[in-house]
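# Chain and residue survey
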Amino acid sequence: ETTQGALQTEVIKDTLTGVLNRRGILSQLDAELDLHRLRQQPLSVLAMDLDRFKFINDHYGHSTGDRALTWVATTMRGLLREHDHLGRHGGDEFIAVLPNTSHAAALEIAAPTAQLLRDGEAREAAYPEITIGVATAPDDGDLAASLLAAADARLYAQKKHRRADKVDGRKGIAET
């Protein structure tokens, strides 16, 4: 039973960061979308991408990159609410599923996350900043694919905007 439990955890957990892995977070998103449809409550998703992560790995080494990923996951878990879900979607990409959360409330969660990571990056050169895109059901769709696509589009629009004007003081959060 212990081995089976460990294997089940391994299937959905990212061993490095301790948060859900891609399979685990997408499964949670599907489950929360089912509840969203049943209860007709908003559901928001944060798509998060670490800035400068490739530079950190290349310049400081992969073990430093691993420490940065672990720090980011720990920091985000500390800012999210108990009923929220956090997962590592890919190498330096994270997703947070925020049940019963409006778009405005999701932005209020995203802002301190981006700020705290920016503050960490200012203190420690081997820590990344983060860019966050927010999408909310039902406005951005009721399917995982449509929500993630909307959040990704906002994330990359924000990255493009920040690259074009690095001195504009933006918070790193794509609001629209």
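What you see is a predicted model, and the numbers here were worked out from it, not measured in a lab.

Turning next to the overall build of the chain. In terms of regular secondary structure, the chain is built from 6 helices and 5 strands. In sequence order, the chain lays out its α and β elements as α-α-β-α-α-β-β-α-β-α-β. In the chain, the proportion of contacts linking residues at least 24 apart, taken out of those at least 6 apart, comes to 67%. Surface exposure of the chain reaches about 9200 Å², of which carbon and sulfur atoms provide 52%.

When charged atoms on two side chains of opposite charge get close, those side chains can pair. This model, assessed by the stated rule, comprises 7 salt bridges. In this structure, Asp-14 engages Arg-88 in a salt bridge whose closest nitrogen and oxygen atoms are separated by 3.3 Å. Of the two residues, Asp-14 sits in the loop between helix H1 (2–12) and helix H2 (22–39) while Arg-88 sits in strand S2 (residues 85–88), which places them 74 residues apart along the sequence. For the pair Asp-14 and Arg-88, a shared accessibility class is recorded, and that class is buried.

The computed volume of the second largest pocket comes to approximately 180 Å³. Forming the walls of the second largest pocket are Lys-13, Gly-18, Val-19, Leu-20, Gln-28, Arg-77, Leu-80, Arg-81, Asp-84, His-85 and Leu-86.

This paragraph deals with the side chain of Asn-21. Examined against the element boundaries, Asn-21 turns out to sit in the loop between H1 and H2. Overall, Asn-21 belongs to the buried group, its relative accessible area being 16%. Within the structure, Asn-21 has its side chain in polar contact with the backbone nitrogen of Gly-24 (distance 2.8 Å).

On to the pairing of strand S3 (residues 93–99), then. With respect to burial, S3 is a largely interior element, 6 of its 7 residues being buried. In this sheet, S3 lies alongside strand S1 (residues 43–51) in antiparallel orientation, the contact comprising 7 bridges. Paired with Leu-43 across the bridge in S3 is Pro-99. Counted between consecutive antiparallel strands, the loop separating S2 from S3 contains 4 residues.

Among the nonpolar cores identified, the biggest contains 24 residues, and Leu-46, Met-48, Leu-86, Phe-94, Ile-130 and Ile-132 are the most heavily contacted of them. Among the elements of the structure, S1, helix H4 (62–79), S3, helix H5 (103–123) and strand S4 (129–137) are those that each provide at least two residues to this core. A total of 6 residues in this core trace back to one element, the largest contributor, which is H5. When neighbours within four sequence positions are excluded, Leu-86 is seen to be in contact with Val-19, Leu-20, Ile-25, Met-48, Ala-73, Met-76, Arg-77, Leu-80, Phe-94, Ile-95 and Ala-96. Ala-47, Val-97, Ala-135 and Ala-137 belong to the second largest nonpolar core, which has 17 residues in total.

A word on the packing of aromatic side chains. Here the structure, examined in full by the defined rule, presents 2 aromatic pairs. Look at Phe-55 and Tyr-60: their rings are 6.3 Å apart centre to centre, the planes differ by 90°, and that puts the pair in the edge-to-face class. We classify Phe-55 as partly exposed; its relative accessible area is 41%. Overall, Tyr-60 belongs to the partly exposed group, its relative accessible area being 35%. With centroids separated by 4.1 Å and ring planes inclined at 10°, the aromatic side chains of Trp-71 and Tyr-127 adopt a geometry described as stacked. On the criterion of sequence distance, the pair formed by Trp-71 in helix H4 and Tyr-127 in the loop between H5 and S4 is long-range, its members being 56 residues apart.

Moving on, we come to the packing of H4 against H5. Between H4 and H5, the shortest axis-to-axis distance is 10 Å and the interhelical angle comes to 145°. The handedness of the crossing between H4 and H5 comes out as right-handed. On the side of H4, the interface is formed by Trp-71, Val-72, Thr-75, Met-76 and Leu-79, while H5 contributes Pro-112, Thr-113, Leu-116, Leu-117, Gly-120 and Glu-121. Class assignment for the residues of the contact of H4 with H5 results in 7 nonpolar, 3 polar and 1 charged.

What counts, and where the lines are drawn
- Residues numbered from 1 in each chain as written.
- Predicted model: local features only at pLDDT ≥ 70, side-chain atom pairs only at ≥ 80, totals over all residues.
- Heavy atoms only, no water.
- Helix = DSSP H or I, 4+ residues; strand = E, 2+ residues; numbered from the N terminus.
- Contact = heavy atoms within 4.5 Å.
- Areas by Shrake-Rupley, 256 points an atom, 1.4 Å probe, with all protein chains shown as cover.
- Salt bridge = Lys/Arg side-chain N within 4 Å of Asp/Glu carboxyl O.
- Buried < 20%, exposed > 50% of the residue type's maximum accessible area, 1.4 Å probe, protein only.
- 1 Å grid on protein atoms, 1.4 Å probe; cavity = no way out; pocket = protein on both sides within 12 Å on 5 of 7 lines; lining within 4 Å.
- Points joined across faces, edges and corners; volume = space filled by probe spheres on them.
- Polar contact = N/O pair within 3.5 Å; in protein donor to acceptor, adjacent residues only side chain to side chain.
- Pairing = 2+ DSSP bridges.
- Core = buried A, V, L, I, M, F, W, Y, C linked by side-chain atoms within 4.5 Å.
- Phe/Tyr/Trp six-rings, centres within 6.5 Å; stacked < 30°, edge-to-face > 60°.
- Axes fitted to C-alpha atoms, helices over the stretch in contact; angles between N-to-C directions.
- Left-handed = near helix turned anticlockwise from the far one by under 90°.
- Nonpolar A, V, L, I, M, F, W, Y, C, P; charged D, E, K, R; others polar.

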